Amino acid sequence: GGVPPATDLVLGATAGCLACFLTNPLEVVKTRLQLQGELQAPGTYPRPYRGVLRAAVAVCRADGLGGLQKGLAAGLLYQGLMNGVRFYCYSHAEDAGWTGYPGGTVAAGAVAGAVGAIVGSPAYLVKTHLQAQTVSAMAVGHQHNHESITSAFKSIYQQHGVVGLWRGVTGAVPRVTIGSAVQLSTFASAKDWVCERQWFRKGSWAAVLAGAMVSSVAVAVAMTPFDVISTRLYNQPVHADGTGKLYRGFLDCIVQISNKEGLLGLYKGIGAVYFRLGPHTVLSLFFWDKLRNM
């Protein structure tokens, strides 16, 4: 409290963008891992990407070092919009005293996350397309072949109108809602728990770091399946009328992945999700915490 919601919006957006810049390479790796072997039985397809580190090396080989920052502009746009809105809504909920009720932080976190996801969805759609694009030998998933972020927005809008820009949002809302709720609820309690044990001084950055690392485990486990679904829905090719060629929607996507790739298919890229979440959570909360206290 004590910080007006509008300030929180700017601080939340800034913190998210700073964190995004540092963790975007993991986003690229995660996107490739999640698209690899799409709707194919395990063991029946070539795997150009194996594990987080080797996948990062593979990306560099195919696309140069710059390949690790693919989709960065779209990622920054998404983080700015999503986190700005999310922190703004959460801050309002705090000021209104909703977070004081039992389960209030979870509910506020979930709603704030969902609103943020809806606002940021077009940027995430374009980010996914751009991060999946690579030389044909290393290509996984559908290749949209956009020239740049602007041409991506333009061609999607020209082909499918405003509705097309919000394609795949059905996967994004549960992804961020669950992620946000689990993150905000476990982060606060993990931070307090660490301080109660008197391992770290209350309010010290070490307590923030420890709280975030603990909460990230919970978030990665809860969020990865939704993350996979959202990557697939965003990246799938579409018919002229805007319907997906691979998945009819959220539920169809879960069913198809489970049937064809097994339940572990829903956990593709979990290593990259955690490695990204840990630092991303720490960095954005750390920057946000510090900026607020200035």
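No experiment lies behind these values; they were computed from the predicted model shown.

### Focus: the overall build of the protein
(1) Moving on: Broken down by element type, the protein carries nine helices and zero strands.
(2) Moving on: Relative to the compact-globule value of 19 Å for 294 residues, the protein shows a C-alpha radius of gyration of 19 Å, a close match.
(3) Moving on: Here the protein holds 294 residues, and 53% of them are scored as buried.
(4) Moving on: Carbon and sulfur atoms provide 67% of the accessible area of the protein, an area that totals close to 13,000 Å².

### Quick word on the packing of helix H3 (residues 72–95) against helix H9 (residues 270–292)
(1) Moving on: Interhelical geometry of H3 versus H9 gives an angle of 55° and a closest axis separation of 14 Å. The orientation of H3 relative to H9 falls into the category oblique. In this structure, the crossing between H3 and H9 has a hand that is right-handed. Between H3, through Gln 79, Asn 83, Phe 87 and Glu 94, and H9, the contact on the second element is made entirely by Arg 276, His 280, Trp 288 and Arg 292.
(2) Moving on: Residues belonging to the contact of H3 with H9 are distributed by class as follows: two nonpolar, three polar and three charged.

### Here we look at the packing of aromatic side chains
Two aromatic rings are characterised by how far apart their centres lie and by the angle between their planes.
(1) Moving on: Scanning all chains against the criterion turns up five aromatic pairs.
(2) Moving on: Measuring from ring centre to ring centre gives 4.8 Å for Tyr 78 and Tyr 124, while their planes differ by 75°; the resulting arrangement is edge-to-face. Residue Tyr 78 is located in helix H3, and its partner Tyr 124 is located in helix H4 (residues 104–132); the two are separated by 46 residues in the primary sequence.
(3) Moving on: On the accessibility criterion, Tyr 124 (3% relative accessible area) is buried.
(4) Moving on: Ring geometry for Phe 226 against Phe 250: centres 6.1 Å apart, planes inclined by 10°, an arrangement best described as stacked. You can see Phe 226 sitting in helix H7 (residues 205–235) and its partner Phe 250 sitting in helix H8 (residues 250–261), a full 24 residues away along the chain.
(5) Moving on: Among the aromatic residues, ring-to-ring pairing joins Tyr 78, Tyr 124 and Tyr 234 into one connected group.
(6) Moving on: A cation over a ring is seen here: Lys 127 above Tyr 124, with NZ or CZ 4.3 Å from the ring centre.

### Focus on a nonpolar patch on the surface
(1) Moving on: Among the surface-exposed residues, Leu 77, Leu 81, Val 111, Val 115 and Val 119 lie close enough to one another that they form a single nonpolar patch of about 350 Å² accessible area.
(2) Moving on: For the nonpolar patch, the secondary structure elements donating two or more residues are H3 and H4.
(3) Moving on: Considering every element that reaches the nonpolar patch, the biggest residue donor is H4, with three residues.
(4) Moving on: Positionally, Val 119 belongs in helix H4.
(5) Moving on: Look at Val 119 and you get partly exposed, because its relative accessible area is 36%.

### Observations concerning the UniProt feature "transmembrane region" (unreviewed entry) in the protein
(1) Moving on: The UniProt record marks residues 205–226 and 269–288 with the feature "transmembrane region" (unreviewed entry), using the residue numbering of this structure.
(2) Moving on: Secondary structure across residues 205–226 divides into 100% helix and 0% strand, with the first and last C-alpha atoms of the span separated by 30 Å.

### Focus on the pattern of salt bridges
(1) Moving on: Within the structure shown, the criterion is met by twelve salt bridges.
(2) Moving on: As a salt-bridge pair, Glu 27 and Arg 276 come within 2.7 Å of each other at their nearest N and O atoms. Linking Glu 27 in helix H1 (residues 5–35) with Arg 276 in helix H9, this pair joins segments that are 249 residues apart in sequence.
(3) Moving on: On the basis of relative accessibility, which here comes to 5%, the residue Glu 27 falls in the buried class.
(4) Moving on: In this structure, the salt-bridge partner of Arg 175 is Asp 227, at a minimum N-O distance of 2.6 Å. Within this pair, whereas Arg 175 is found in helix H6 (residues 169–196), its partner Asp 227 is found in helix H7, the two being separated by 52 residues in sequence.
(5) Moving on: For Asp 227, a relative accessible area of 1% translates into the label buried.
(6) Moving on: Overlapping salt bridges, with partners in common, bring together Glu 27, Lys 30, Lys 127, Arg 175, Asp 227 and Arg 276 in one network.

### Some thoughts on empty space enclosed by the protein
(1) Moving on: Enumeration according to the criterion identifies one cavity of 30 Å³ or more in this entry.
(2) Moving on: Estimates place the volume of the largest cavity at around 310 Å³.
(3) Moving on: Gln 79, Met 82, Met 223, Arg 276 and His 280 are the residues nearest the centre of the largest cavity, which is lined by 25 residues in total.
(4) Moving on: For the lining of the largest cavity, the elements supplying multiple residues, two or more each, are H1, H3, H4, H6, H7 and H9.
(5) Moving on: Residues that form the lining of the largest cavity fall into these classes: ten nonpolar, ten polar and five charged.

### Comments concerning the UniProt feature "repeat: Solcar" (unreviewed entry) in the protein
(1) Moving on: Within this structure's numbering, the places UniProt gives as "repeat: Solcar" (unreviewed entry) are residues 3–96, 100–193 and 203–294.
(2) Moving on: Across residues 100–193, helical content stands at 76% and strand content at 0%; the span's end C-alpha atoms are separated by 18 Å.
(3) Moving on: Helix makes up 72% of residues 203–294 and strand 0%. Its end C-alpha atoms lie 14 Å apart.

Reading guide: rules and limits
Residues numbered from 1 in each chain as written. Predicted model: local features only at pLDDT ≥ 70, side-chain atom pairs only at ≥ 80, totals over all residues. Heavy atoms only, no water. Helix = DSSP H or I, 4+ residues; strand = E, 2+ residues; numbered from the N terminus. Rg over C-alpha atoms; globule rule 2.2 N^0.38 Å. Buried < 20%, exposed > 50% of the residue type's maximum accessible area, 1.4 Å probe, protein only. Areas by Shrake-Rupley, 256 points an atom, 1.4 Å probe, with all protein chains shown as cover. Axes fitted to C-alpha atoms, helices over the stretch in contact; angles between N-to-C directions. Parallel < 35°, antiparallel > 145°, perpendicular 65-115°, else oblique. Left-handed = near helix turned anticlockwise from the far one by under 90°. Contact = heavy atoms within 4.5 Å. Nonpolar A, V, L, I, M, F, W, Y, C, P; charged D, E, K, R; others polar. Phe/Tyr/Trp six-rings, centres within 6.5 Å; stacked < 30°, edge-to-face > 60°. Lys NZ or Arg CZ within 6 Å of the ring centre and 35° of its normal. Patch = residues over 30% accessible without salt bridge, like charges linked within 9 Å, V, L, I, M, F, W, Y side chains within 5 Å. Salt bridge = Lys/Arg side-chain N within 4 Å of Asp/Glu carboxyl O. UniProt positions renumbered as here; feature names shortened; annotations may be inferred. 1 Å grid on protein atoms, 1.4 Å probe; cavity = no way out; pocket = protein on both sides within 12 Å on 5 of 7 lines; lining within 4 Å. Points joined across faces, edges and corners; volume = space filled by probe spheres on them.

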